[in-house]
Amino acid sequence: MTRSFWKWLVLAVILLAVLGVGAFFGLQAYIDQRNRAWLAEADAAYEAGEWQLAKNYYERYIPQDKENIDLLLRYADACENLLSNRVGSLQSAAVAYLQILTYHPELTEYRAILLELYKQMGAWGNVEYYVKEWLRDDPENEDLQYNLALALDRLGRRDEAIDAYRALLQDGTGHSDAYASLANLLRERGLDTEAAAVFADALERRPDDARVLIDYARFLARER
């Protein structure tokens, strides 16, 4: 092969490389522009209260910026405002809060919001699962203990719920409804004396708590 052939071959390879690099950066520029357009459309729809449109565009953009808290909160808010396909929309909002907690586990304030969404959907198994996960790192957290007891109660696992309520109430709690929940479970088991003792403890600890007083009155009324 002649020197001329090799010369043209090298030039062809260089040209192809340049075209390839140009195509790559051109494609990247197109993708960036498209993503910015999706975000702009999502934000505009969100500000206009067009929740379904905002949800759709945010779903396209979020994979490009999946750790962005403000973005995920807007998406979740749009989902929660949707009335159509209510359960599906709440599930999407829950995914957004899960994503926040996955990438920013220190933002524990979003746990309560996520649990509330699961409660609205009746997804008590999810409540139990995540509460148990969080209790591993924060075993003395009263709110988590309460939600575990509540989830076990709603799931019909009465014996486990009784144990969870007892653990919660051992040192008293601000969740006043837990006293009635435990007392009613004990009464279902025929343990009326123990059930009454729960309210005796509640009245001693929280004598001016309206919820305790109302629940106790209902408890007594059912004895008649």
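Everything in this summary refers to the structure shown in the same document. All values derive from a computational prediction rather than experimental measurement. (Residues numbered from 1 in each chain as written. Predicted model: local features only at pLDDT ≥ 70, side-chain atom pairs only at ≥ 80, totals over all residues. Heavy atoms only, no water.)

So, helix α9 (residues 177-188)
Over its twelve residues, α9 runs 17 Å from end to end, which matches the ideal 16 Å to within 8%, given 1.5 Å per residue. Burial within α9 is extensive, with nine of its twelve residues counted as buried. Considered for burial, the residues of α9 that qualify are Asp177, Ala178, Tyr179, Ala180, Ser181, Leu182, Ala183, Leu185 and Leu186. Positive backbone phi, at 80 degrees, marks Gly190, one or two positions downstream of α9. (Helix = DSSP H or I, 4+ residues; strand = E, 2+ residues; numbered from the N terminus. Expected span 1.5 Å × (residues − 1). Buried < 20%, exposed > 50% of the residue type's maximum accessible area, 1.4 Å probe, protein only.)

Describing the pattern of salt bridges
In this structure the tally under the stated criterion is 15 salt bridges. With a closest N to O distance of 2.6 Å, Glu47 and Arg74 form a salt bridge. With a gap of 27 residues between them, Glu47 in helix α1 (residues 3-47) and Arg74 in helix α3 (residues 69-81) connect regions that are remote in the sequence. Classification of Glu47 by relative accessible area gives exposed; the value is 55%. (Salt bridge = Lys/Arg side-chain N within 4 Å of Asp/Glu carboxyl O.)

Here we look at the packing of helix α4 (residues 86-103) against helix α5 (residues 109-121)
Two numbers describe a pair of packed helices, the interaxial angle and the distance between the axes. For the pair α4 and α5, the least separation of the axes is 9 Å and the interaxial angle reads 160 degrees. By the angle between their directions, the pair α4 and α5 is classed as roughly antiparallel. As for how α4 packs across α5, the hand of that crossing is left-handed. Only Tyr110, Arg111, Ile113, Leu114, Leu117, Tyr118, Gln120 and Met121 of α5 make contact with α4, whose side of the interface consists of Arg86, Val87, Leu90, Gln91, Ala93, Ala94, Tyr97, Leu98, Ile100 and Leu101. In terms of residue class, the contact of α4 with α5 is made up of 14 nonpolar, two polar and two charged. (Axes fitted to C-alpha atoms, helices over the stretch in contact; angles between N-to-C directions. Parallel < 35°, antiparallel > 145°, perpendicular 65-115°, else oblique. Left-handed = near helix turned anticlockwise from the far one by under 90°. Contact = heavy atoms within 4.5 Å. Nonpolar A, V, L, I, M, F, W, Y, C, P; charged D, E, K, R; others polar.)

Comments concerning the packing of aromatic side chains
Applying the stated criterion to the full structure yields eight aromatic pairs. Ring geometry for Phe199 versus Tyr216: centroids 5.2 Å apart, planes at 40 degrees, classification tilted. Within this pair, whereas Phe199 is found in helix α10 (residues 192-205), its partner Tyr216 is found in helix α11 (residues 210-221), the two being separated by 17 residues in sequence. Judged by relative accessible area, Phe199 falls into the buried class, the value being 1%. Here a set of aromatic residues connected by ring pairs shows up, and it is made of Tyr118, Tyr129, Tyr130 and Trp134. A cation over a ring is seen here: Arg187 above Phe219, with NZ or CZ 3.8 Å from the ring centre. (Phe/Tyr/Trp six-rings, centres within 6.5 Å; stacked < 30°, edge-to-face > 60°. Lys NZ or Arg CZ within 6 Å of the ring centre and 35° of its normal.)

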